[in-house]
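# Descriptive analysis of the structure
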Amino acid sequence: HGLGLGGAQQVVRTLVDERSGGFEHFVYSCHGGVTAGPIEQAGATVRVVPRRVPKFDPLWIRGLARARRADGIDVVHGHLFGDTLHGYFAARSVDRLPMIMTLHNAVAARSRSQRLGYRWLLGQRVVPVACASFVERSFRDAMGDRAEHLRAIPNGIAAGVLPTPTAARQRLQQLFDVPPGARILATVGRLAYQKDLPLLLDA
């Protein structure tokens with residue numbers, strides 16, 4: 001989906017920023033975006049491999065495979081359905097690289113074709129990871145034995161990113177003239193239907 005604002009992009013940035021074990025990171029995307037810079041600053045090389053056809057693009061698979069061969073990639077890690085599907089075929093072409101697949105959302109949030117695609121991918125030689133325990137439960141309930149190897153590794157937050165609660169309150173008081181002792185409710189996320197901000201406001 002490119003390197004715009006989104007949870008999956010932030011996970012990639014955090015994975016790169018928490019680099020350990022001597023990994024060298026290359027991030028491939030169909031187009032750039034605002035998170036390309038932070039991902040590069042975290043230590044990754046970002047490669048934009050243009051994608052021409054929506055849904056399924058065999059030429060993009062070929063481009064990804066060519067790029068990862070040139071970079072000497074050893075392990076592929078896919079995020080989000082379309083990118084993971086293309087990445088899987090690119091990883092398995094010729095030298096059959098091992099692949100990790102991160103599932104970022106519950107089955108209910110997927111289209112019928114995506115559910116079928118994930119069912120197929122879970123039957124292939126991939127290492128599936130869910131970003132939260134509710135995502136793991138969702139796929140296990142929907143896909144049964146296909147999801148038997150699925151494990152949850154909750155998304156983390158890089159150390160030092162968040163201010164202390166006291167500092168955060170002081171900053172909010174400065175920015176929004178919040179009176180001392182006022183109750184503050186805040187949320188961070190895209191203004192999208194999936195985030196259900198009306199439910200938060202109702203609550």
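Above this text you will find the structure in question.
Let me sum up the structure you'll find in this document. (Residues numbered from 1 in each chain as written. Predicted model: local features only at pLDDT ≥ 70, side-chain atom pairs only at ≥ 80, totals over all residues. Heavy atoms only, no water.)

Moving on: the nonpolar core. Grouped together as the largest cluster of nonpolar side chains are 24 residues, with contacts concentrated most on M101, L103, Y118, L121, V135 and F139. A total of 4 residues in this core trace back to one element, the largest contributor, which is helix 4 (residues 81-92). Excluding residues that lie within four positions of it along the chain, L121 makes contacts with F81, T84, L85, Y88, M101 and V126. One finds L3, A36, I39 and A42 within the second-largest nonpolar core, a separate group that totals 9 residues. (Core = buried A, V, L, I, M, F, W, Y, C linked by side-chain atoms within 4.5 Å. Buried < 20%, exposed > 50% of the residue type's maximum accessible area, 1.4 Å probe, protein only. Helix = DSSP H or I, 4+ residues; strand = E, 2+ residues; numbered from the N terminus. Contact = heavy atoms within 4.5 Å.)

Glancing now at unusual backbone geometry. For K55, which is not glycine, the phi torsion reads 70 degrees and is therefore positive. In this structure, K55 sits in the loop between strand 2 (45-48) and helix 3 (58-71). Judged by relative accessible area, which is 74%, K55 ranks as exposed. Residues other than glycine seldom take positive phi values, yet D177 does so here, at roughly 55 degrees. By secondary structure assignment, the location of D177 is in the loop between helix 7 (165-176) and helix 8 (197-202). Since its relative accessible area comes to 67%, D177 is described here as exposed.

This part covers the sheet that holds strand 5 (residues 127-130). Strand pairing in a sheet relies on backbone hydrogen bonds, with the paired strands running either antiparallel or parallel. One open sheet holds the 4 strands; their spatial order is 3-4-5-6, and the pairing between them is parallel. Edge strands, defined here as strands with exactly one partner in the open sheet, are strand 3 (76-79) and strand 6 (151-152). When strand 4 (residues 99-103) meets strand 5, the two strands line up parallel, connected through 4 bridges. Residue pairing for strand 5: I100 is matched across the bridge by V127. (Pairing = 2+ DSSP bridges.)

A few words on the pairing of strand 1 (residues 26-29). Sheet topology note: the strand 1/strand 2 ladder contains 4 bridges and is parallel. In the sheet register, S29 faces strand 2, and the bridge partner there is V48. Handedness of the β-α-β unit built from strand 1, helix 2 (residues 36-42) and strand 2 comes out right-handed. (Right-handed = clockwise from strand over helix to strand, strands pointing away.)

The next subject is the packing of aromatic side chains. Across all of its chains, the model carries 6 aromatic pairs by this definition. Centre to centre, the rings of Y88 and F89 are 5.5 Å apart; their planes meet at 70 degrees, and the pair counts as edge-to-face. We classify F89 as partly exposed; its relative accessible area is 32%. Members of the aromatic cluster, each reached through a chain of ring pairs, are F56, Y88, F89 and W120. (Phe/Tyr/Trp six-rings, centres within 6.5 Å; stacked < 30°, edge-to-face > 60°.)

Turning our attention to the packing of helix 5 (residues 112-122) against helix 6 (residues 133-143). Each packed pair of helices is defined by two parameters, the angle between the axes and the distance between the axes. Where helix 5 meets helix 6, the closest approach of the two axes is 12 Å, and the angle between their N-to-C directions is 90 degrees. In terms of their interaxial angle, helix 5 and helix 6 are classed as roughly perpendicular. Taking contact as the criterion, the partners of R115, Y118, R119 and L122 in helix 5 are, on helix 6, F139, A142 and M143. (Axes fitted to C-alpha atoms, helices over the stretch in contact; angles between N-to-C directions. Parallel < 35°, antiparallel > 145°, perpendicular 65-115°, else oblique.)

Moving on to helix 5. Within the sequence span of helix 5, burial applies to G117, Y118, L121 and L122. Seen end-on, helix 5 carries its buried residues on one side only, within an arc spanning 135 degrees. Along helix 5, exposed side chains directed more than 90 degrees from the buried face belong to R112 and S113. In this fold, the buried residues of helix 5 make contact with helix 4, strand 4, strand 5 and helix 6. (Arc of directions from axis to C-beta.)

With that settled, consider the environment of F26. For F26, the location among the structural elements is in strand 1. Between the C-alpha atoms of F26 and T45, which are 19 residues apart in sequence, the distance is 4.8 Å. Sequence-distant contacts of F26, that is, excluding residues within four places in its chain, are made with T45, R47, D71 and I73.

Once that is clear, we can look at the packing of helix 3 against helix 4. Contact geometry for helix 3 and helix 4: axes closest at 8 Å, N-to-C directions at 55 degrees. For the element pair helix 3 / helix 4, the angle class is oblique. Relative to helix 4, the crossing made by helix 3 is right-handed. Contacts between helix 3 and helix 4 involve W60, I61, L64, A65 and R68 from the former and D83, H86, G87, F89, A90 and A91 from the latter. Looking at the contact of helix 3 with helix 4 residue by residue, the classes come out as 7 nonpolar, 2 polar and 2 charged. (Left-handed = near helix turned anticlockwise from the far one by under 90°. Nonpolar A, V, L, I, M, F, W, Y, C, P; charged D, E, K, R; others polar.)

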